[in-house]
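# Working through the structure, step by step
One-letter residues, chain by chain:
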Amino acid sequence: MPCMVALPDGTFLIVNGAHQGVAGFGGVASDPNLSALLYDPSQPVNSRFSILGSTTIARMYHSEATLLPDGRVLISGSDPQTPGLPEELRIEVYIPPYLSQGFTQPVVTVQNKDWAYGGQFQINVQLFQGQTSGMRVSLVAATSSTHGNTMGGRTIFPAFTCQGTVCTVTAPPNAQVSPPGWHQLFILDGPTPSHGVFVRIGGDPAQIGNWPALPGFNPPGT
């Protein structure tokens, strides 16, 4: 019953769940897991997991982990039917290792946030540790993690070039690489990510954004 959330540097934070039992109602799991793990697919086989600082609240079935735009992870939820553990209304914010090294987060600004497949789009960057030659750009699909799954989750490192502080990013080529939807765009100055900027890739083919123009109706989020 863990939650696994993709981080902007290509690693994955694994939290929550239990040491024993299975998912489901009626108290079929016990011994809550408070350990946080980091999975790094860039490391050699058998060296990809590391143990991080523990969380503080038992979160079993129906818990969740969500990447925040500032690079931290929001941890919430629990199963109200686990014996001995109340329904958990508190939330935690977990700080991944890339934000605990004392470096200033880089800054990215994006004017055009509606990206067509295969297009090239400019971003402006401000770095504090390194140079753009060592910078990375990542696109993290706007999802949340629950029940051990992240539906539609993906992390993409698109191609880009830079002239000074202006960089041109090439969007993913098609829906097979990146289904239409919102992504958080980050830049990474060494290990340190910027705050994410939401960009939409592939348009709105389902016309989800076409809210009715009714008197007194304000579209959600506005």
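Calculation criteria
Residues numbered from 1 in each chain as written. Predicted model: local features only at pLDDT ≥ 70, side-chain atom pairs only at ≥ 80, totals over all residues. Heavy atoms only, no water. Helix = DSSP H or I, 4+ residues; strand = E, 2+ residues; numbered from the N terminus. Buried < 20%, exposed > 50% of the residue type's maximum accessible area, 1.4 Å probe, protein only. Contact = heavy atoms within 4.5 Å. Areas by Shrake-Rupley, 256 points an atom, 1.4 Å probe, with all protein chains shown as cover. Pairing = 2+ DSSP bridges. Axes fitted to C-alpha atoms, helices over the stretch in contact; angles between N-to-C directions. Phe/Tyr/Trp six-rings, centres within 6.5 Å; stacked < 30°, edge-to-face > 60°. Disulfide = S-S within 2.5 Å. Core = buried A, V, L, I, M, F, W, Y, C linked by side-chain atoms within 4.5 Å.

## Structural notes on the overall build of the protein
Per the secondary structure count, the protein includes zero helices and 20 strands. In terms of overall dimensions, the protein has a C-alpha envelope of 55 × 50 × 30 Å along the principal axes. Taking all 222 residues of the protein together, the buried fraction comes to 37%. Counted over contacts in the protein with a minimum sequence separation of 6, partners at least 24 positions apart contribute 57%. Of the roughly 11700 Å² of accessible surface on the protein, a fraction of 55% belongs to carbon and sulfur atoms.

## Quick word on the sheet that holds strand E12 (residues 120–126)
Read across the open sheet, the four strands follow the order E10-E12-E17-E16; overall the sheet is antiparallel. Every interior strand has two partners, whereas the edge strands, strand E10 (107–110) and strand E16 (160–163), have only one. On average, each strand axis in the sheet is tilted by 30° relative to the strand beside it, whichever way the strands run. Relative to strand E17 (residues 166–170), E12 is paired through five bridges, and the arrangement is antiparallel. Note on E17: the bridge partner recorded for Gln-120 is Thr-170.

## Here's the deal with the packing of aromatic side chains
Applying the stated rule across the entire model yields four aromatic pairs. Arranged with centres 4.9 Å apart and planes meeting at 50°, the rings of Tyr-39 and Phe-49 form a pair that is tilted. Linking Tyr-39 in strand E5 (residues 36–39) with Phe-49 in strand E6 (residues 49–52), this pair joins segments that are 10 residues apart in sequence. Classification of Tyr-39 as partly exposed rests on a relative accessible area of 21%. According to the relative accessible area criterion, Phe-49 is exposed, its value standing at 56%. Consider the rings of Trp-115 and Phe-121, whose centres lie 4.8 Å apart with planes at 5°: the pair is stacked. Note on accessibility: Trp-115 and Phe-121 belong to one class, buried. Clustering of aromatic rings is evident, with ring pairs tying together Phe-12, Tyr-39 and Phe-49.

## Here's the deal with the pairing of strand E1 (residues 3–6)
Sheet topology note: the E1/strand E2 (residues 12–15) ladder contains four bridges and is antiparallel. Across the sheet, residue Cys-3 finds its bridge partner in E2, namely Val-15. The loop that links E1 with its antiparallel partner E2 comprises five residues; one of these, Gly-10, has a positive phi angle of about 95°.

## A short note on the environment of Arg-154
Structurally, Arg-154 is set in the loop between strand E14 (145–146) and strand E15 (155–156). Taking the C-alpha atoms as reference points, Arg-154 and Ala-141, 13 residues apart in sequence, are found 5.6 Å from one another.

## Considerations on the state of the cysteines
For the coordinates displayed, the defined rule picks out one disulfide. The disulfide bridge from Cys-162 ends at Cys-167, spanning 2.0 Å between sulfur atoms. Because the sign of the S-S torsion sets the handedness, a value of about 100° for the bond joining Cys-162 and Cys-167 places this disulfide among the right-handed ones. Overall, Cys-167 belongs to the buried group, its relative accessible area being 0%.

## Some words on the sheet that holds E1
Where strands meet in a sheet, backbone hydrogen bonds hold them as pairs that are either parallel or antiparallel. Sheet architecture is open: four strands sit in the order E1-E2-E5-E6, paired in antiparallel fashion. With partners counted over all chains shown, the strands left at the sheet margins are E1 and E6, one partner each. Here the strands of the sheet are splayed against their neighbours by 25° on average, with no regard to which way each runs. Pairing of E5 with E6 involves four bridges; the strand directions are antiparallel. The residue of E6 that forms the bridge with Tyr-39 is Phe-49.

## A look at the nonpolar core
What tends to happen in soluble globular proteins is that the nonpolar side chains get buried as a cluster. The biggest cluster of nonpolar side chains holds 19 residues, and the ones touching the most others in it are Val-108, Val-110, Trp-115, Ile-123, Leu-185 and Ile-187. When residues of this core are traced back to their parent elements, those giving at least two are E10, E12, strand E13 (136–141), E17, strand E18 (181–189) and strand E20 (197–201). Core analysis: the second largest hydrophobic core is formed by 17 residues, Cys-3, Leu-13, Ile-75 and Tyr-94 among them.

Geometric values such as these leave the question of function open.
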